[in-house]
Every structure is written in structure tokens, then in C-alpha cells.
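Take a look at the letters that make up each chain.
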Amino acid sequence: MAETDGRKRLEPRMTRGSFRLTFGAVMTQIILSVILMLLNLGIVQGREWEPVGFFPPAGLFAVNAIFFRRLLRVRRNDERFWNEDEARREDWDRRGRQL
């Protein structure tokens, strides 16, 4: 624990579980926005390109791509904090079983 006293977390308390939930939500939004953009490009027969139907999903894609990059940064910086928390929890469980 002494090695992490100098460095602070990027996010105060993002746990591994909340990271996974947020990661899944962002990936779902990215996939859906790509599908909407492709549908509005005229891939489907009989439809023309509509800017009103293309630019909102493109904006959503851009925002989610930026947030996805930030999530990867949080994961890289907080992974050792998550590992320390899990080690502390395992130590606590091991001591409890010894009693």
C-alpha cells in the first residue's frame, strides 16, 4: 500500500464492476450509433441520405468514442488500486475464516 500513497486515483471510486457496466453501456451506444449512421447513408434500398438522420448518431458516436478513450485511461490508471482492494478483501476473508 505504501507504493500507491503518492499517486491518486483518476476517479475517486470507480470499482471494477462499475467499470464493466459503463464499458458495456458505451459499447452498446457506439454499436447502435454506427448502425443508425449506416442505415441513413442509403444502404437500405429506396432511401436517400438524410442529414437530419445522420448527424445526431454521428455526434453520439463521437461523444461515446471520447468517453470510451477516457474509460480506457481510467482502467489503465486504476487497475492496481482495484487489485489492492481485492487483495485486502481476500486477506479480510482469510482472517475471518481463521477465527
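The structure we're discussing is the one just above.
As the structure is a computational prediction, the values presented were derived from the model and not from experiment. (Residues numbered from 1 in each chain as written. Predicted model: local features only at pLDDT ≥ 70, side-chain atom pairs only at ≥ 80, totals over all residues. Heavy atoms only, no water.)

### Some details on the pattern of salt bridges
Here is step 1 of the chain: In this structure the tally under the stated criterion is 3 salt bridges.
Here is step 2 of the chain: Between Arg-88 and Asp-85 there is a salt bridge whose closest N-O contact spans 2.3 Å. Placement of the pair is Arg-88 and Asp-85 together in helix 2 (residues 51-98), with a separation of 3 residues, close to one helical turn.
Here is step 3 of the chain: Take Arg-88: its relative accessible area is 44%, and that puts it in the partly exposed class.
Here is step 4 of the chain: Exposure remark for Asp-85: the relative accessible area of 15% places this residue in the buried category. (Salt bridge = Lys/Arg side-chain N within 4 Å of Asp/Glu carboxyl O. Helix = DSSP H or I, 4+ residues; strand = E, 2+ residues; numbered from the N terminus. Buried < 20%, exposed > 50% of the residue type's maximum accessible area, 1.4 Å probe, protein only.)

### Side note on helix 1 (residues 16-40)
Side chains that are three or four residues apart share a direction in an α-helix, a result of its 3.6 residues per turn.
Here is step 1 of the chain: Relative to the 36 Å expected for 25 residues at 1.5 Å per residue, helix 1 spans 36 Å between its end C-alpha atoms, a close match to the ideal helical length.
Here is step 2 of the chain: Turning to helix 1, its buried residues number three or more, namely Phe-19, Val-26, Ile-30, Ser-33, Met-37 and Asn-40.
Here is step 3 of the chain: Buried positions along helix 1 lie against helix 2.
Here is step 4 of the chain: Looking one or two residues past helix 1, Gly-42 carries a phi angle of roughly 100°, positive in sign. (Expected span 1.5 Å × (residues − 1). Contact = heavy atoms within 4.5 Å.)

### Considering helix 2
Here is step 1 of the chain: Spanning 48 residues, helix 2 covers 66 Å between terminal C-alpha atoms, matching the ideal 70 Å at 1.5 Å per step.
Here is step 2 of the chain: The largest bend in helix 2 comes to about 50°, at Asp-78. (Bend = angle between axes of the 7 residues up to and from the residue.)

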